[in-house]
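# Overview (structure and organization)
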Amino acid sequence: MISAASASGAMPSAIGATRGVRRRRFADALATVVLWTMACSIIVMLAAFVLYMLYLGAGAMTPSFIFGQPKETTAGGGIGPEIYNSFYILVLTLLFTIPIAVSAGIYLQEYARPGLFRTIVQFSAESLATVPSIVMGLFGLLIFVYTFHWGFTALGGALTLTLLNLPALMRVTQEALGSVPDTLREGSVALGGTRWQTITRVVLPSAIGRMTTGVVLIAGRIFGETAALIFTAGLSVSVNAPYDPNPFHTAETLAVHLWYTRSESVVPDVYRIGNGSALVLLIMVLLFNVSARVVGRALTKRFTGRTS
Amino acid sequence: MFQTPSVPVGEEGSAKLVAEHVDVYYGTFHAIKDASLTMRGQHVTALIGPSGCGKSTFLRALDRMHDLTPGARVEGCIKLDGEDIYGPDADPVVIRHRIGMVFQRPNPFPKTIYENVVYGPRIHGERNKARLDELAERALRQAALWDEVKDRLNRSALDLSGGQQQRLCIARAVALNPEVILMDEPASALDPIATSKIEDLIGQLTEQYTVVIVTHSMQQAARVSDYTAFFHLGEIVEVGSTNQIFTHPKEKRTEDYITGRFG
């Protein structure tokens with residue numbers, strides 16, 4: 001209740017702000033503004049980057065560029081086979097990585113008891129994850145290209161990328177499974193479910209959304225990989241046919257082509273090809289990220305009836 | 001003081017589930033000490049006692065849920081219709097088909113209501129859609145949930161209220177047609193109205209099933225059960241008909257707990 005004396009200004013109001021309160025409120029507002037600005041800056045940076053790339057590369061976006069063959073020495077080359085190789089290696093890599101990483105993740109999260117074996121596996125995976133991609137590329141060069149006498153192949157590239165991405169996908173699997181509460185596992189067991197039934201019918205369906213998001217994000221990284229593929233998949237497209245289905249074909253990907261164009265190539269239109277390749281690569285990776293969320297939500301809805 | 005249901009005169013009920021000298025250890029901690037209890041068929045046995053007295057631990061031993069806990073050890077024997085569920089030939093999957101459990105917090109699977117109810121029959125091999133539909137309806141009726149959900153069986157179970165979710169978990173358990181239903185404080189996470197619905201349900205379930213219920217509410221034990229076992233510090237202090245336990249307890253500890261001197 002405000003006393004009558006405050007109406008004349010003689011005493012402070014019982015509900016109005018004092019100087020101390022004003023200072024605290026100001027600090028609160030200031031912090032809010034600063035944090036909001038930091039968050040916005042991320043959006044601004046991304047927008048600036050994408051817009052600049054669009055500006056640089058839009059001129060190259062013609063059908064003859066996107067679907068045409070690359071040229072060694074003359075202008076007018078395209079990136080058709082390179083896009084094909086990027087997808088080819090992506091699919092091949094996922095074909096190897098997903099079964100191994102998901103199985104290992106399920107084992108570590110659902111079966112292994114804390115102990116020496118589990119610690120060793122987790123440590124090995126973490127160590128594998130810290131190997132620089134170029135070092136892994138060198139390893140792939142020595143094993144697949146030289147020792148196995150394959151030369152530069154899509155298969156060699158895919159196997160090398162598998163080694164690089166296994167730990168990440170295993171970690172994603174473990175975290176996705178770990179996010180499923182134990183009460184659900186208990187519920188399944190109390191109804192007479194075996195461990196495998198519990199995993200396949202309750203735990204995995206609940207985790208599938210997060211796991212898919214993880215897979216698609218890794219796909220984005222595979223699509224953009226360069227160092228490891230330069231040494232294993234090579235710098236030229238297949239000599240047999242540009243869209244060669246044989247896994248042993250030489251497979252220059254779009255990302256590698258971008259590097260090659262701007263550092264080694266002797267064609268006169270390096271800027272056009274470089275900027276165009278960069279823009280296509282950027283669009284593909286952004287599309288991967290968007291579809292990660294879309295597919296993840298759709299699968300979660302399909303399996304659990306809810307969107308998260 | 002309390003209203004207790006009367007045990008039918010002359011009807012003992014078979015010794016459906018019998019615990020004999022059961023000890024439960026968590027590592028070196030001796031959680032249940034030499035517990036023996038006969039749980040009678042088609043009656044409700046309540047396990048009461050203060051927090052931490054071991055009643056939930058004992059309940060979980062009855063359907064071998066401690067198998068899931070690393071470091072947990074159960075000794076002694078627990079006989080279902082005369083056969084030891086911890087014996088060398090006993091299969092936990094079969095045991096859990098015959099002995100179902102409802103947990104303190106409702107734990108429906110993040111699936112549709114229908115998928116939740118038929119989960120049990122499905123994992124035990126039932127594939128016939130018509131048969132599953134039939135089982136689902138019967139179970140939901142038994143759990144007094146059918147009328148509320150019959151038009152939305154394909155909606156997510158997580159959209160139901162807490163009380164409805166718990167009745168769904170009960171439906172899930174009865175869909176398997178078990179012989180015994182274990183309930184670990186089934187209404188403690190629910191509001192009073194949902195609680196009384198669950199208590200009514202227990203009365204109906206007794207017509208077909210044997211029920212063992214852990215409860216921290218003495219009033220609830222007095223309302224729903226025929227027999228009561230009082231647990232304290234891991235031991236069964238006293239067992240008797242609910243009427244006798246609450247009006248003429250034989251042990252001092254029992255009397256102290258009942259009259260509210262501790263717990």
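Residues numbered from 1 in each chain as written. Chains lettered and ligands numbered in written order. Predicted model: local features only at pLDDT ≥ 70, side-chain atom pairs only at ≥ 80, totals over all residues.

## Side note on the overall build of chain A
Our working rule: For helices the rule is a DSSP run of H or I covering at least 4 residues; for strands it is a run of E covering at least 2, with both sets numbered from the N terminus onward. With the radius of gyration taken over C-alpha atoms, the globule rule is written as 2.2 Å times the number of residues to the power 0.38. Comment: burial labels come from other C-beta atoms within 10 Å of the residue's own C-beta, placed from the backbone, where a count of 20 or more is buried, 12 or fewer is exposed, and between is partly exposed. Contact between two residues is assigned when their C-beta atoms, built from the backbone, lie within 7 Å.
Each helix and strand in chain A was counted, giving twelve helices and zero strands. Listing each helix as α and each strand as β along chain A from the N terminus yields α-α-α-α-α-α-α-α-α-α-α-α. Its C-alpha atoms give chain A a radius of gyration of 27 Å, clearly above 19 Å, the size a compact globule of 308 residues would have. In terms of overall dimensions, chain A has C-alpha extents of about 95 × 60 × 35 Å along its principal axes. Across the 308 residues of chain A, 38% fall into the buried class. Here the analysis covers contacts within chain A between residues at least 6 apart in sequence; of these, 73% occur between residues at least 24 apart.

## Thoughts on the overall build of chain B
The helix and strand tally for chain B stands at ten helices and ten strands. Here chain B has a C-alpha radius of gyration of 18 Å; the compact-globule value for 263 residues is 18 Å, and the two agree. Seen through its principal axes, chain B has C-alpha atoms that stretch 55 × 45 × 35 Å. Going through the 263 residues of chain B one by one, you find that 49% of them count as buried.

## Comments concerning the interface of chain A and chain B
Applied cut-off: All residues other than Ala, Val, Leu, Ile, Met, Phe, Trp, Tyr, Cys, Pro, Asp, Glu, Lys and Arg, Gly among them, are scored as polar; the first ten of these are nonpolar and the last four charged.
Facing the 18 residues of chain A at the interface are 25 residues of chain B. The set of elements that each furnish at least two residues to the side of chain A that touches chain B consists of helix H8 (182–190) and helix H9 (195–223) of chain A. Per element, the largest residue contribution to the side of chain A that touches chain B is six residues, and it comes from H8 of chain A. The residue makeup of the side of chain A that touches chain B, split by class, is five nonpolar, nine polar and four charged.

## A look at the sheet that holds strand S6 (residues 99–102) of chain B
Residue and element names in this part refer to chain B. Where we set the bar: When DSSP finds at least two bridges between two strands, those strands are taken to pair. Inter-axis angles, ranging from 0 to 180 degrees, are taken between N-to-C directions of lines fitted to C-alpha atoms, where helices are fitted over the stretch in contact.
As summarised here, the arrangement of the six strands in space is S6-S7-S8-S3-S9-S10, forming an open sheet in which the pairing is mixed. The sheet is open, and its two borders are formed by S6 and strand S10 (235–241), each paired with just one other strand. Averaged over all pairs of adjacent strands, the angle between strand axes in this sheet comes to 15°, irrespective of strand direction. Note that S6 and strand S7 (residues 180–184) share four bridges and pair parallel. Each residue of the ladder has a partner; that of Met101, found in S7, is Leu182.

## Focus: the nonpolar core
Threshold: To form a nonpolar core, buried Ala, Val, Leu, Ile, Met, Phe, Trp, Tyr and Cys residues must be joined through C-beta atoms within 7 Å.
Ile89 of chain A together with Ala139, Ala171, Ala175, Ile181, Val211 and Ile213 of chain B are the most contacted members of the largest nonpolar core, which has 139 residues in total. With near-sequence residues (within four places) excluded, Ala171 of chain B lies in contact with Val117, Ala139, Leu140, Gln142, Ala143 and Leu145 of chain B.

## So, the domain arrangement of chain A
Residue and element names in this part refer to chain A. Put simply, the test is: All the domain ranges listed were derived from an automatic or database domain assignment.
Entries for chain A in the domain assignment read domain 1 (12–58) and domain 2 (63–304). The gap between the C-alpha centroids of domain 1 and domain 2 is 37 Å. Taken residue by residue, the interface counts four residues in domain 1 and five residues in domain 2. Per-class residue counts for the side of domain 1 that touches domain 2 are three nonpolar, one polar and no charged.

## Let's talk about the pairing of strand S8 (residues 210–214) of chain B
Residue and element names in this part refer to chain B. Among the five residues in S8, five count as buried, and that is most of the element. Of the two faces of S8, the one lined by Thr210, Val212 and Val214 and the one lined by Val211 and Ile213 are each fully buried. In this sheet, S8 lies alongside strand S3 (residues 44–48) in parallel orientation, the contact comprising four bridges. Counted as the bridge partner of Ala46 is Ile213 from S8. Bridge analysis of S7 against S8 gives five bridges, and the strand direction is parallel. Looking at the pairing, Met183 lines up with Ile213 of S8.

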